[in-house]
Amino acid sequence: MPTFDEISEDYSKRIRAAASESSLSKSAAYLTESEKQQEKQRNVTAVLKQINEDLKGYTIESKPLSEDQRNRIIKGAAVVLGLKKPDSLVLMLKEASNDNFVALANYWAAFFAEMKL
């Protein structure tokens, strides 16, 4: 199994790649942009959802990762992305996985403002 740091680095690259294609502004324009831009934004959400699913597949000594271990990986990716509040990426993954786009939109502005593309 790769190290937590290696997994965090991989996830940060995947999120950065998806986000760099997005043109989300610092508002909740997520729901009103053109169809083409909405597709790019859905890609960021899809990457977040996929990461959440990926984390369920990792094991240590044949046991799934604990929530703390999963959060450590996600926070590691947030640090690599340059987020001031690494916990925000944990919340974004949760909201993306629950398809809670209203709550997710609340995190977009800070996420894109802080993230190092």
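Residues numbered from 1 in each chain as written. Predicted model: local features only at pLDDT ≥ 70, side-chain atom pairs only at ≥ 80, totals over all residues. Heavy atoms only, no water.

A. Molecular detail of the packing of helix 3 (residues 67-81) against helix 4 (residues 87-97). One can describe the packing of helix 3 onto helix 4 by two numbers: an axis separation of 8 Å at closest approach and a directional angle of 115°. Here helix 3 and helix 4 pass one another in a crossing that is right-handed. In this structure, helix 3 contributes N71, I74, K75, A77, A78 and L81 to the contact, and helix 4 contributes D87, L89, V90 and L93. A class-by-class count of the residues in the contact of helix 3 with helix 4 yields seven nonpolar, one polar and two charged. (Axes fitted to C-alpha atoms, helices over the stretch in contact; angles between N-to-C directions. Helix = DSSP H or I, 4+ residues; strand = E, 2+ residues; numbered from the N terminus. Left-handed = near helix turned anticlockwise from the far one by under 90°. Contact = heavy atoms within 4.5 Å. Nonpolar A, V, L, I, M, F, W, Y, C, P; charged D, E, K, R; others polar.)

B. Expanded view of the pattern of salt bridges. Evaluated as defined, the whole model comprises four salt bridges. Here D10 and R14 are joined by a salt bridge, their closest N and O atoms 3.6 Å apart. On the criterion of helical spacing, the pair formed by D10 and R14 is a turn pair, its members being four residues apart in helix 1 (residues 4-20). Accessibility expressed as a relative area gives 36% for D10, which makes it partly exposed. On the basis of relative accessibility, which here comes to 26%, the residue R14 falls in the partly exposed class. Each of D10, R14 and D54 takes part in one network of salt bridges that share partners. (Salt bridge = Lys/Arg side-chain N within 4 Å of Asp/Glu carboxyl O. Buried < 20%, exposed > 50% of the residue type's maximum accessible area, 1.4 Å probe, protein only.)

Spatial relationships are all this shows, so hold off on functional conclusions.
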